[in-house]
Amino acid sequence: MADVDSEVPPLPPRYRFRDLLLGDQTFQNEDRVQVEFYVNENTFKERLKLFFIKNQRSSLRIRLFNFALKILTCVLYIVRVSLDSPRETNSNPWARIFWVTRCESVWAVQVTVALISFLETMLITYLSYKGNIWEQIFQMSFILEMINTVPFIVTIFWCPLRNIFVPVFLNCWLAKGALENMINDFHRAIQRTHSAMFNQVFILICTLLCLVFTGACGIQHLERAGKNLSLFDSFYFCIVTFSTVGYGDVTPKIWPSQLLVVILICVALVVLPLQFEELAYLWMESQKLGGNYSRHRAQTEKHVVLCVSSLKIDLLMDFLNEFYAHPRLQDYYVVILCPTEIDIQVRRILQIPLWSQRVIYLQGSALKDQDLMRAKMDDAEACFILSSRNEVDRTAADHQTILRAWAAKDFAPNCPLYVQILKPENKFHVKFADHVVCEEEFKYAMLALNCVCPATSTLVTLLVHTSRGQEGQMSPEQWQKMYGRCSGNEVYHIRLCDSKFFGEYDGKSFTYASFHAHKKYGVCLIGVKREDNKSILLNPGPRHIMASNDTCYYINITKEENSAFIFKEEEKHSKGLSVTGLYDAPSRLPVHSIIASMGTVAIDLQHADPPEESGKLALPTETSAGSRRPSIAPVLEIADSSVILPCDLLSDQSEDETNQSDEEGSVGSDFVKGYPPNSPYIGSSPTLCHLLPQKAPFCCLRLDKGCTHNSFEDAKAYGFKNKLIIVSAETAGNGLYNFIVPLRAYYRPRKELNPIVLLLDYPPDNHFLEAICCFPMVYFMAGTIDNLDNLLQCGIIYADNLVVVDKESTMSAEEDYMADAKTIVNVQTMFRLFPSLSIITELTHPSNMRFMQFRAKDCYSLALSKLEKIERDKGSNLAFMFRLPFAAGRVFSISMLDTLLYQSFVKDYMIAITRLLLGLDTTPGSGYLCVIKITEEDLWIRTYGRLFQKFCSSSAEIPIGIYRTESHMFTASESRASINADQGEEHRDRGEKTSHRNSAMSDQSEHPLLRKKSMQWARRLSRKTNKPTSKVEGFSQQRLNLYRRSERQELSELVKNRMKHLGLPTVGYDEMNDHQNTLSYVLINPPPDTMLELNDIVYIIRSDPLAHMPEDSQTGQARSRNQKDFVTESKDETHL
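To start, this report covers the structure provided alongside it.

### Remarks on the overall build of the protein chain
Right, on to step 1. Looking only at helices and strands, one finds 40 helices and 25 strands in the protein chain.
Right, on to step 2. For the protein chain, buried positions account for 52% of its 1136 residues.
Right, on to step 3. Taking the intrachain contacts of the protein chain between residues at least 6 apart in sequence as the baseline, contacts between residues at least 24 apart amount to 75%.

### Remarks on the state of the cysteines
Right, on to step 1. Under the criterion given, the structure shown has zero disulfides.
Right, on to step 2. Just so you know, Cys453 is unpaired, no disulfide at all, and the nearest cysteine sulfur is the one on Cys930, 6.5 Å from it.
Right, on to step 3. With no disulfide of its own, Cys699 has Cys707 as its nearest cysteine by sulfur position, at a separation of 3.7 Å.

### Notes on a nonpolar patch on the surface
Right, on to step 1. A cluster of nonpolar side chains, Tyr129, Ile133, Trp134, Phe138, Met140, Ile143 and Ile147, forms an exposed patch at the surface whose accessible area comes to about 740 Å².
Right, on to step 2. At the level of secondary structure, the elements contributing two or more residues to the nonpolar patch comprise α8 (133–137) and α9 (140–157).
Right, on to step 3. Per element, the largest residue contribution to the nonpolar patch is three residues, and it comes from α9.
Right, on to step 4. Mapped onto the secondary structure, Ile147 falls in helix α9.

### Quick word on the environment of Ile1100
Right, on to step 1. On the secondary structure map, Ile1100 appears in strand β25 (residues 1097–1102).
Right, on to step 2. Of the residues examined, Ile1100 reaches a relative accessible area of 0% and is grouped as buried.

### Here's the deal with helix α23 (residues 510–521)
Right, on to step 1. Taking 1.5 Å of rise per residue, the twelve residues of α23 would be expected to cover 16 Å, and the 16 Å separating its terminal C-alpha atoms lies within 8% of that figure.
Right, on to step 2. Most of α23 sits inside the fold, with twelve of its twelve residues counted as buried.
Right, on to step 3. Within α23, the full set of buried residues consists of Phe510, Thr511, Tyr512, Ala513, Ser514, Phe515, His516, Ala517, His518, Lys519, Lys520 and Tyr521.

### Here's the deal with empty space enclosed by the protein
Right, on to step 1. Summed over the entire model, instances satisfying the criterion amount to ten cavities of 30 Å³ or more.
Right, on to step 2. In this structure, the largest cavity encloses a volume near 110 Å³.
Right, on to step 3. Lining the largest cavity are 14 residues, with Glu440, Tyr444, Thr731, Asp806 and Glu808 positioned closest to its centre.
Right, on to step 4. Looking at the lining of the largest cavity, the element that brings in the most residues is helix α20 (residues 439–452), giving three residues.
Right, on to step 5. Partitioned by chemical class, the residues of the lining of the largest cavity number four nonpolar, two polar and eight charged.

### Points about the pattern of salt bridges
Side-chain pairing between opposite charges can occur once the charged atoms of the two side chains come close.
Right, on to step 1. Counting across every chain of the model gives 21 salt bridges.
Right, on to step 2. Asp1096 is the salt-bridge partner of Arg964, the closest N and O atoms lying 2.8 Å from each other. Taken together, the residues span a long stretch of sequence, with Arg964 in strand β23 (residues 958–967) and Asp1096 in the loop between β24 (1078–1084) and β25 at a distance of 132 residues. Pair check on accessibility: Arg964 and Asp1096 agree, each one buried.
Right, on to step 3. Connected through shared salt-bridge partners, Arg389, Arg394, Glu439 and Asp898 make up one network.

### Topic: the sheet that holds strand β8 (residues 524–529)
Right, on to step 1. An order of β7-β10-β8-β9 is seen for the four strands of this open sheet, with the pairing classed as antiparallel. Looking at strand neighbours, the two that pair on one side only are β7 (490–495) and β9 (537–538), the edges of this open sheet.
Right, on to step 2. Note: β8 against strand β10 (residues 551–556), five bridges, orientation antiparallel. Each residue of the ladder has a partner; that of Leu525, found in β10, is Tyr554.

### Some details on the nonpolar core
Proteins that are soluble and globular tend to have nonpolar side chains buried together.
Right, on to step 1. Membership of the largest hydrophobic core comes to 205 residues, with the highest contact counts inside it found for Phe384, Phe502 and Phe739.
Right, on to step 2. The dominant element in this core, judged by the number of residues it contributes, is α20, at eight residues.
Right, on to step 3. Among the nonpolar cores identified, the runner-up in size contains 29 residues, and Leu372, Ala380, Ala405 and Ala433 belong to it.

Conventions used here
- Every chain is numbered independently, its residues counted from 1 as its sequence is written.
- Since the coordinates come from a predicted model, pLDDT governs what is reported: local features require at least 70, and pairs of side-chain atoms require 80 or more to be given and counted, while whole-chain, interface and lining totals use all residues.
- By convention in this description, side-chain values take in all heavy atoms of the structure and omit both hydrogens and water.
- Strands are runs of DSSP state E lasting at least two residues, helices are runs of H or I lasting at least four, and both sets are numbered from the N terminus onward.
- Throughout this description, buried means an accessible area under 20% of the type-specific maximum (1.4 Å probe, protein chains only), exposed means over 50%, and partly exposed covers the range between.
- Note on contacts: a residue pair qualifies if any of its non-hydrogen atoms lie within 4.5 Å across the two residues.
- A pair of cysteine sulfur atoms is labelled a disulfide when the two atoms are within 2.5 Å.
- Within this analysis, patches are made of residues with over 30% relative accessible area and no salt bridge. Like charges are joined at 9 Å or less; nonpolar side chains (Val, Leu, Ile, Met, Phe, Trp, Tyr) at 5 Å or less.
- For the accessible areas, the method is Shrake-Rupley and the probe is 1.4 Å, while residue cover comes only from the protein chains on display.
- Each salt bridge in this description consists of a side-chain nitrogen of Lys or Arg and a carboxyl oxygen of Asp or Glu lying within 4 Å of one another.
- Take the residue count of a helix, subtract one, and multiply by 1.5 Å to get its expected span.
- Whether a set of points on the 1 Å grid over the protein atoms alone is a cavity depends on a 1.4 Å probe fitting there but being unable to get out, while an open set qualifies as a pocket with protein on both sides within 12 Å along at least five of seven lines; lining residues are those with an atom within 4 Å of a point.
- Grid points are joined across faces, edges and corners, and a volume is the space filled by probe spheres set on the points.
- Residue type decides the class: Asp, Glu, Lys and Arg count as charged, Ala, Val, Leu, Ile, Met, Phe, Trp, Tyr, Cys and Pro as nonpolar, and the leftover types, Gly among them, as polar.
- Being paired, for any two strands, means DSSP has found at least two bridges between them.
- Nonpolar core, defined: a set of buried Ala, Val, Leu, Ile, Met, Phe, Trp, Tyr and Cys residues in which side-chain atoms within 4.5 Å join the residues together.

Functional significance is not addressed by these values, which are geometric in nature.
Shown next as structure tokens:
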């Protein structure tokens, strides 16, 4: 007994390892209970309901069968009517209404159909029963079924009733309902939603057919007791009656048929207007939504999708004009997907035949797959997603753009995305897109370059706009003709092996190819890309040897594929004439003769051999210098790049590193070169910059307040050697970082670094200060531009440039174009108070630039306004280009850069090239944009072509354009314009110290005539008539001059009094020196025979100095040493 008690019981199977190995699974089923789900659907009724009602495919078959039965009954009724003879059936006329003649075969078929319909109806009624039997019985469909089926079933058991009349034609209404349900089931089965407009039109058509069929059959049957009309005559009568024609040739004769006509007309007057109203409402709604883009059209035609949150007329026209400016895009459709209702102005524009056939507006959201399906996003060639820059909260606008980009990528992964983002910190969210343009990155970088490279904004804007260079060609002003013609230059690309421009330079250096292509064809080669490298290199320098597979990027009036080549040498040889070199002729040369016609450009080619410059270009005696060579060295095919360094025409920048004087050393001797250790946002390109050896304390960055490290409280106390650059912004956004980096790039000479003062409405946060504290001579101050004390404290009288950034809080206004009102008035005030200051302003709307530096009585400005209207009427996309502030680069609108994103659809390299030009990206071996000023000692070069050779042969730099400033007399009033034009300007021009050339290809003797013509042109456009000068007018002019002088003196006293009140010295405030009598403009890739003028500023692309600098040089050692200092602070350092 004890042994039994001490025996250990065996383990349950679930715990025995042997059972687990042997696969004993009995333990798994001990506690499990089988549960059956949806047992309610296993009943017979539920299965029938699933088959007849719930399942779309099976119910679709049932409804199709039911529809066929109803149509069959109507057909049988027509057959019975055609076989019936009422006069032989019964002599009593009224008895003919109740009794008809029905043959046995027709009766048998009708009874069979009625029996099937009755059983089906009862079954559907049973399955649809929900507790209220009377609701099922009194349904109109059930009543009609009973009327049309029960009499036939009764005739089976009572033979005398086989010839009784049954209104079987009423089954047409049941057929109508079955057809509607069948179409709904069909769309449910194929998982597609049909248009409500289509459904309503279908219902209307079916209602009309049923009314006509019911009326025809009913009148025909009732007229058996009267005139005995045929079925066709009854149908004819119903059509004539419902169409309100009423010929009267066929009419009902007895009162029952007449009563039926009255009933039908009343029903039609009630039913049809309701359905027409519903149809009209749906049509209006469909017009708002825009309908769908046809699937067939999407598969046969090409289209792009434009996604915006709100569509303004300016945005639409900029997109359409730029998109359709390219010839190969003329057959594309543009589908606009916008969540808001179409604007009235936009609707009016889209109704123009030019756009109505190519632009489709769809109201919908990019976040809905249904709307993306309507736009056929998966078949689109591209999707443009634009941000709403007029939103008060620009971050929220970026968030909407990001979601749209994600939705488009999720729905159509293979569709190329072109995304516009506002804030740089949001850019990495859409990094997957094919092309991204960050507005604040481009804006601040462009405004920064405007301070060191004048009119960079105008240069880039003209490059990214599509134009044929026809603007201003009808103007008598020579500068407008030349400026308008050069504005047609754009950036194009071509493979070297496929090019006539550059094909002959295979195996030659890049500098050699650039110079000779410009000399021979007038095109400017600016960049190249290797086949095995995705990076574009701007001016890679003479070490780069051109290969046949290289992609060349050049500036020209049109692309090479649209050019026709006419060889002048062959024509001259055929005539027995001698062929001369390019620079042999002393007069105007026929080089770069461009004839733009129907998209084709004819370029005259000159002799291709390089000229022997020695002995031909003698140094002019009046500008001779003993240290300058009398000729320009030729550009070598394979240059010795070890002796080529980036240099000025007169000086070398090597003194930036060595041979610094004590004065220069005090300015930049404590600067180092390295990469900024802190980037304010993700995605910024690392750029080698001038940096401080140690980060500056945050307190030292405040300009107007002293601290323990220094006691300076104004810009004067710092004693800056160079002029200040003041930036007025609302907040210290991350975009301001891109303003500082180009101005502190390593290739800027230390002695030329300008102090930067950030005048902010709101003080910056520590995150932003941490990013800028490593840059030298960067300060901030809290203040606004509408406060004179703040302007004086930040050193505006010591500033060379003031950049006014558009404020986010003013971008949205009740009236769109009033968003710039405050900025314009404040800038105009500063323009009056500080005339010598160069003010660079950003505006929201480009059309408002006509108010910058506004002169109400300036005849010349009024003439330019007339010219702008003329160019706009001609269809120019650059009608605003002749406005003097824009031409001079003093005003800019970021919306003008929207075309950069649009052009990237055709030119996928434009964003990359623009970023390299602006310094946003730094690619190893790629050059950068800078300028060089032409002085009196450089005028011996004479022409732009010779200047091109000078740059290429001496410093391997590529010039791309000229910024020219001319003196010009702007009249104070219309009367003075008339006086100046009539008295002649020749005597005035002789007395001026610096006379200008109106044309680079004209003689000095032409200047007075051109000036006189220009004044006459201005007076004519302003519609002013010349009046003889009188003494009264002379006195009034003197009084006006005195008034103006007193006003200027009053403004001067105001500024000086405020400076004294603030304890600032008044020395340096020059109120009389201004730029009001000059005009400036940009010439992109001018012809080689363009004459140089004094004070011309040449845009050049300088090769990367690090690309050909020896590693053991002093500069390389210094750079390596400086980079080591920052290695502990910068983790993601990129070495060039």
